[in-house]
Amino acid sequence: MTLRNSDVKPPFKWTGGKNRMREQYRSIFSPPGEIEVFVDMFCGATSVSLWMHENHPNAKFILNDKNHEIIDLYRTIKNDWNSFYSFYGTLVSKWISLTPEDRKKFYYDLREKYCLSPDARPQHENHAMLFLMLKTNFNGMWKAYHKCNGRYSTPPGTCTQKAGFFSQNEDNKFKEFIDNVILESGDFGLLDKYSGNGTYFYADPPYRDSIVEYDGNFSDVEQVRLAQFLKDASAAGSWFSESNKEIGDSFWQKLFPSPEYTIHDVSARYTAGRGTSVLNVKEVLITNF
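Residues numbered from 1 in each chain as written. Predicted model: local features only at pLDDT ≥ 70, side-chain atom pairs only at ≥ 80, totals over all residues. Heavy atoms only, no water.

Engineer: I'd like a rundown of the overall build of the protein, residues and numbers included.
Structural biologist: Secondary structure assignment for the protein yields 9 helices and 7 strands. Taking 2.2 N^0.38 as the reference for a compact globule, 289 residues should give roughly 19 Å; the C-alpha atoms of the protein span a radius of gyration of 19 Å, in line with that estimate. Counting only residues that meet the buried cut, the protein has 52% of its 289 residues in that class. Put simply, 72% of the contacts in the protein that link residues at least 6 apart link residues at least 24 apart. One finds the centroid of the 34 positive side-chain charges in the protein at a distance of 6 Å from the centroid of its 36 negative side-chain charges. (Helix = DSSP H or I, 4+ residues; strand = E, 2+ residues; numbered from the N terminus. Rg over C-alpha atoms; globule rule 2.2 N^0.38 Å. Buried < 20%, exposed > 50% of the residue type's maximum accessible area, 1.4 Å probe, protein only. Contact = heavy atoms within 4.5 Å. Lys, Arg positive; Asp, Glu negative; His and termini not counted. Charge placed at Lys NZ, Arg CZ, Asp CG, Glu CD.)

What follows is the structure in structure tokens.
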């Protein structure tokens, strides 16, 4: 099956998001059967789930991420939309009224409140602030500095967005998607309850040899544990695919031997800084079909 594009966009840019890989994945991503449950094990900004939902609208979707701040944001979008989006609208109006330099000051003020005094306001306000920051931050990266209590603390980006950048129509479409998914926020090992025939697990973990820091330390020990989870799910009848980085040490070939598993070589370009340079790298998409 060749996958068509999604009409719904991710709500914000995300470093490592898979929209850039879509053309290479298009003909190799779908398993040979009807997907009843799709489990996005490290969902991030949900680009893959949105893509798969367009192609498998009748499937049950499970979105998981160990990053509870992201999942809590999605829960607020799902359960407290009116309060959340009303406050977010006031933030956007303020943002549009400011110069780029004043927007940076406004961003840092929001970040300080979000990081250092989250109990001083309702959760929907915290999440509205986070939503604006995620839309306008530096390169879609997620930083969580110790000085910011380990909470989201990525610096601002260019701060040059125009009013049309903030699309209520797109946000409404994302809200409709989130309304119909199950949200989980824990270790991927807890997702084994979804294993079985008709379930498709997709894993996009922090990559090996990644320059981006994520919540916790996803070492090779964790990579091996994830591989074992996927192989156990496969033995239970599930399909799976995993995206990761190829660094030329036969790590994946040893973990996922042929012919039981297939390792697809794909290429990627990683943007550095503010998009003025790129790094060509090799990635893999590993499947059990």
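Engineer: Explain the packing of aromatic side chains residue by residue, including any values.
Structural biologist: The geometry of an aromatic ring pair is captured by two quantities: the separation of the ring centres and the angle between the planes. Scanning the model with the defined rule gives 33 aromatic pairs in all. Taking 6.1 Å as the distance between ring centres and 50° as the angle between the ring planes, the aromatic pair formed by Trp14 and Trp142 counts as tilted. With a gap of 128 residues between them, Trp14 in the segment before helix H1 (22–25) and Trp142 in the loop between helix H6 (123–136) and helix H7 (168–178) connect regions that are remote in the sequence. Site record: aromatic cluster; members linked through ring pairs are Tyr25, Phe29, Phe38, Trp51, Phe61, Tyr74, Phe174, Phe177, Tyr200, Tyr202 and Phe289. The positively charged end of Lys147 is found above the aromatic ring belonging to Tyr145, 5.9 Å away from the centroid. Here the guanidinium or amino end of Arg151 rests over the ring plane of Tyr114, the centre of that ring lying 4.1 Å away. (Phe/Tyr/Trp six-rings, centres within 6.5 Å; stacked < 30°, edge-to-face > 60°. Lys NZ or Arg CZ within 6 Å of the ring centre and 35° of its normal.)

Engineer: Give a description of the side chain of Ser238 that names residues and reports values.
Structural biologist: Tracing the chain through its elements places Ser238 in the loop between helix H8 (220–235) and strand E5 (239–245). For Ser238, a relative accessible area of 2% puts it in the buried group. When neighbours within four sequence positions are excluded, Ser238 is seen to be in contact with Ser195, Gly196, Thr199, Phe201, Ala233 and Asn288.

Engineer: Give a description of the side chain of Thr154 that names residues and reports values.
Structural biologist: Mapped onto the elements of the fold, Thr154 is located in the loop between H6 and H7. Overall, Thr154 belongs to the buried group, its relative accessible area being 1%. Engagement of the side chain of Thr154 in a polar contact is seen with the backbone oxygen of Met141, the distance being 2.8 Å. What Thr154 contacts, discounting residues up to four positions off in sequence, is Tyr107, Arg111, Asn137, Phe138, Met141, Trp142 and Lys143. (Polar contact = N/O pair within 3.5 Å; in protein donor to acceptor, adjacent residues only side chain to side chain.)

Engineer: Can you explain the packing of helix H3 (residues 68–79) against H6? Please cite residues and give values.
Structural biologist: At a closest axis distance of 10 Å, the pairing of H3 and H6 adopts a crossing angle of 115°. The orientation of H3 with respect to H6, classified from their angle, is roughly perpendicular. For the element pair H3 and H6, the recorded crossing hand is left-handed. Of H6, the residues touching H3 (which contributes Glu69, Ile70, Asp72, Leu73, Thr76 and Ile77) are His124, His127, Leu130, Phe131 and Leu134. For the contact of H3 with H6, the per-class residue count stands at 6 nonpolar, 3 polar and 2 charged. (Axes fitted to C-alpha atoms, helices over the stretch in contact; angles between N-to-C directions. Parallel < 35°, antiparallel > 145°, perpendicular 65-115°, else oblique. Left-handed = near helix turned anticlockwise from the far one by under 90°. Nonpolar A, V, L, I, M, F, W, Y, C, P; charged D, E, K, R; others polar.)

Engineer: Could you give an account of the pairing of strand E2 (residues 60–64), naming the residues involved and the relevant values?
Structural biologist: Across the 5 residues of E2, 4 count as buried, placing the element largely inside the fold. As judged from the 4 bridges shared by strand E1 (residues 37–40) and E2, these two strands associate in the parallel manner. Note that in E2 the partner of Val39 across the bridge is Ile62. This β-α-β element, E1 to helix H2 (residues 47–55) to E2, shows right-handed connectivity. Here E2 runs beside strand E3 (residues 181–184); their pairing, made up of 4 bridges, is parallel. When the sheet's bridge partners are listed, Asn64 is paired in E3 with Glu184. (Pairing = 2+ DSSP bridges. Right-handed = clockwise from strand over helix to strand, strands pointing away.)

Engineer: Describe the environment of Asp249, and please don't skip the residues or the numbers.
Structural biologist: Locating Asp249 in the fold gives a position in the loop between E5 and helix H9 (251–255). For Asp249, a relative accessible area of 33% translates into the label partly exposed. Discounting residues that sit within four places of it in the chain, Asp249 has contacts with Arg208 and Lys254. There is a polar contact of 2.9 Å between the side chain of Asp249 and the side chain of Arg208.

Structural measurements only, silent on function.
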